[in-house]
Amino acid sequence: MDNGSQDFISADAFRHGMRHVPTVVTIVTMGDDEGVQGVTIGSFVSLSMDPPLVCFNVQKSISIHDRIVEAKGFAIHVLREKQSSVSDWFARSDVKAGEQFEAYDYEISETGAPLLKDCLVRFECESYRILPGGDHSILVGKVISIMEGNSGRPIVYHQRAYHGVGEHIADHEHKSRAAAGK
Ligand SMILES: Cc1cc2nc3c(=O)[nH]c(=O)nc-3n(C[C@H](O)[C@H](O)[C@H](O)COP(=O)(O)O)c2cc1C
């Protein structure tokens, strides 16, 4: 297989290894003169406290890529346990951007991004930097507002399937120390 990384590992080996790494499941939305669009994104992480930055990665070949790298901003919606169908919907290639939001309540943010009402937590961002990342672009957003939505727990994507958060194993050591006043 010619995957451009033959000196290192195969694409299959890379995918297989990464399947062990659980991710959060989010819907990232944006809007511009052409309308609104959203996409399922699992690569969302927090990046910086000061300024408050988050980031995620978008494959260059997917339909939202060229629009989202030009957008003023975007909104990142972390999905609740019960929302795996929303993840599947926004990952579909056969649904046109204009049809994606027909079944959803949303309002448009100051950056033009549609803000979905139902999610666990939403981060509204101004676009801060676009960085190269191989066949993906790394989008860095500056968080301008946070909405803590419906209560519940997030979906975890692991081994190509959706899961709930697993059982509590132990408190974080620092949390235990803080509680003990040390
Ligand atoms: C759980 C999950 C996580 C995903 N995470 C990402 C991601 O971080 N970056 C990305 O570019 N695509 C990600 N995708 C794939 C995109 O959602 C999918 O390729 C895209 O919606 C296809 O769009 P297109 O058909 O309009 O090109 C993910 C899909 C799923 C189901």
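Residues numbered from 1 in each chain as written. Predicted model: local features only at pLDDT ≥ 70, side-chain atom pairs only at ≥ 80, totals over all residues.

## A short note on the overall build of the protein
Along the protein, the regular secondary structure elements total four helices and 12 strands. Since a compact globule built from 182 residues should have a radius of gyration of about 16 Å, the 18 Å found for the protein is in line with a globular shape. Each of the three principal axes of the protein carries a C-alpha extent, and together these read 55 × 45 × 35 Å. Looking at the protein as a whole, 25% of its 182 residues are labelled buried. (Helix = DSSP H or I, 4+ residues; strand = E, 2+ residues; numbered from the N terminus. Rg over C-alpha atoms; globule rule 2.2 N^0.38 Å. Buried ≥ 20, exposed ≤ 12 C-beta atoms within 10 Å, placed from the backbone.)

## A closer look at the nonpolar core
Among the nonpolar cores identified, the biggest contains 29 residues, and Val28, Phe56, Ile68, Phe74, Ile76 and Leu79 are the most heavily contacted of them. Those elements that place two or more of their residues in this core are strand E2 (26-32), strand E3 (35-41), strand E5 (53-59), strand E6 (73-78), helix H3 (84-90) and strand E9 (121-133). Counting residues per element, this core draws most heavily on E5, which supplies four residues. Those residues in contact with Phe74, other than ones at most four positions away along the chain, are Val28, Thr29, Met30, Ile68, Ala113, Cys125, Ser127 and Gly141. (Core = buried A, V, L, I, M, F, W, Y, C linked by C-beta atoms within 7 Å. Contact = placed C-beta atoms within 7 Å.)

## Brief notes about the sheet that holds strand E11 (residues 156-158)
Within a beta sheet, neighbouring strands are joined by backbone hydrogen bonds and run either parallel or antiparallel to one another. Spatial ordering of the open sheet is given by E1-E11-E12, a layout of three strands whose pairing is antiparallel. Strand pairing shows two members of the sheet lacking a second neighbour, strand E1 (23-24) and strand E12 (161-163), which therefore form its edges. Bridging between E1 and E11 involves two bridges; their strand directions are antiparallel. Looking across to E11, one finds that Val24 is bridged to Val156. (Pairing = 2+ DSSP bridges.)

## Some points on the site of the ligand
Taken together, 16 residues lie near the ligand, and Gly42, Ser43, Ile62, Ser63 and Ser93 sit nearest. Of all the elements in the fold, those that place two or more residues in the shell around the ligand are E3 and E5. Per-element tally for the shell around the ligand: the top contributor is E5, with four residues. For the shell around the ligand, the class distribution of residues is eight nonpolar, eight polar and no charged. (Near = placed C-beta within 6 Å. Nonpolar A, V, L, I, M, F, W, Y, C, P; charged D, E, K, R; others polar.)

## Looking at the pairing of strand E10 (residues 136-148)
Within a regular beta strand, the side chains point alternately toward one face of the sheet and then the other, so they alternate between its two faces. Bridge count between E5 and E10: seven bridges; the pairing is antiparallel. Counted as the bridge partner of Cys55 is Val140 from E10. Linking E9 to E10, which pair antiparallel, is a turn of two residues; within it Gly134 sits at a positive phi near 65°.

## Some remarks on unusual backbone geometry
Between Asp50 and Pro51 the backbone carries a cis peptide bond, its omega angle lying at 5°. Mapped onto the secondary structure, Pro51 falls in the loop between strand E4 (45-48) and E5. Phi is positive for Gln159, close to 50°, though the residue is something other than glycine. With respect to the secondary-structure elements, Gln159 resides in the loop between E11 and E12.

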